[in-house]
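Coordinate analysis (summary)
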Amino acid sequence: MAILAEDLVTMSETASARISRHAGILSGQLRSLATTLFPPSASKSLRSFTSGEVARIAGVSDGYLRQLSLDGLGPTPATGIAGRRSYTLGQIHELRGYLATARPREAMEFLPRRRPGDKLQIITVANFKGGSAKTTTALYLSQYLALAGFRVLAIDLDPQASLSAMFGYQPEFDIGANETLYGAIRYDEHRRPMREVVRPTYFDGIGLVPGNLELMEFEHTTPRAMVERRERGHDLFFRRVASAIDQVADDYDVVVIDCPPQLGYLTMGALNAATAMLVTIHPQMVDVASMSQFLLMTSDLMSVIEEAGGRLDHDFIRYVITRHDPNDVPEAQIVALLRTLFRSDVLQATVWKSTAIANAGLTKQSLYELERGAVGRGAYDRALESVDAVNAEIAQLLKKVWGR
């Protein structure tokens, strides 16, 4: 049998060289795909929202919005075919500000931002089992809260940087050296202010600290710093994430952290910084068994942090059931088991398994970004209803912490 020249090259390659070559091929293809999906600058932008969507998001009637427009009050929407009105997300935020002023008794609902005395809420989304929808949960929560009027900072602590990719940043091309959270928590003279690593996003109301493989450096340099005893007080490794977030705390109401899929120094830093924790669960027995190990290891890590002087005063810990098929009997039994074991610590709403969510993800988008008819209206509505219900529960927990 004839051997092709490319086969000879492959046979002579080392494993590392072959993997490196494959990585380069895939990265180039992904960049080409991004350029195709988001021309001409390969950057994402957010669609406008119909007046009906805006009415639902802001909690008013479509007729009320129409009257505001006729009276020249609030933001001026764009008018399309048949007089259909649409608003940008920036205009939705402007509308919230107007409504909070015009209807002061409902100001907290229209503009639910932190008030003086309300502490910054830092939510970690964690699990080390693949397929638990950890990144998807962080993405949808961040976008839901931004739509609801909160100022959100999303932090990608996962070296795989899936959350960054969903926000339109391809890690190996768009994120350079010292441009991740590592730049703000490193141990040497190249450490940067946190504000310098926060990037704007196309989703008005969300800032992003992106991730890439550079984050792994913190796992490598921390043991060396501990041996050399260069850390003191707030410079202790598990306090560095919190210290970095403190630098920009006044700019945000909520921080959402997508944790790495392993329990290392970065995760310990995120747990110490957090005021709340979400654990994602896919209701399959193998995933529940894995979660048992995750909880045991997390408990051990928390003990280490507390023994070293850290404080883990989480306002709430909740389990989020994801990719749930409500018609699947074994899954229903597992969900019932989890509710029996953890009671109110399991969110009442679940995120349904949906082709709409999966199809949106293929183009690095969420349901909030897609037009309603892009993935089938029925599937879109059902999926969005389940996602909204989960995120609404979390938003209510935040408001409860703030005494509302």
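Anything mentioned here points back to the structure above.
Note that this is a predicted model, so its numbers are computed, not measured. (Residues numbered from 1 in each chain as written. Predicted model: local features only at pLDDT ≥ 70, side-chain atom pairs only at ≥ 80, totals over all residues. Heavy atoms only, no water.)

**With respect to the sheet that holds strand β6 (residues 199–200)**
Pairing is mixed across the open sheet formed by 7 strands, whose spatial order is β6-β7-β5-β8-β4-β9-β10. A strand with exactly one partner marks an edge of an open sheet, and here the two such strands are β6 and β10 (316–321). Sheet topology note: the β6/strand β7 (residues 206–209) ladder contains 2 bridges and is antiparallel. Residue pairing across strands places Arg199 opposite Leu208, the latter belonging to β7. Against the sheet, helix α7 (residues 134–147) contacts β4 (121–126), β5 (152–156), β7, β8 (254–258) and β9 (276–281), and its axis sits at roughly 165 degrees relative to β8. (Pairing = 2+ DSSP bridges. Helix = DSSP H or I, 4+ residues; strand = E, 2+ residues; numbered from the N terminus. Contact = heavy atoms within 4.5 Å. Axes fitted to C-alpha atoms, helices over the stretch in contact; angles between N-to-C directions.)

**Points about the side chain of Arg114**
Relative to the helices and strands, Arg114 resides in the loop between α6 (107–110) and β4. Among buried Asp, Glu, Lys and Arg side chains, Arg114 stands out as unpaired, with Asp253 the closest opposite charge at 4.2 Å. Side-chain polar atoms of Arg114 contact the backbone oxygen of Asp118, separated by 3.1 Å. Among residues more than four places away in sequence, those in contact with Arg114 are Lys119, Leu120, Ala249, Asp250, Tyr252, Asp253, Trp402 and Arg404. (Buried < 20%, exposed > 50% of the residue type's maximum accessible area, 1.4 Å probe, protein only. Lys, Arg positive; Asp, Glu negative; His and termini not counted. Salt bridge = Lys/Arg side-chain N within 4 Å of Asp/Glu carboxyl O. Polar contact = N/O pair within 3.5 Å; in protein donor to acceptor, adjacent residues only side chain to side chain.)

**Some thoughts on the sheet that holds strand β1 (residues 49–50)**
If you trace the 3 strands from one edge of the open sheet to the other, you get β1-β3-β2, paired in antiparallel fashion. The open sheet terminates on both sides in strands that have one partner only, identified here as β1 and β2 (78–79). Pairing of β2 with strand β3 (residues 85–87) involves 2 bridges; the strand directions are antiparallel. Paired with Ala78 across the bridge in β3 is Ser86.

Geometric descriptors of this kind do not, in isolation, establish any biological role.
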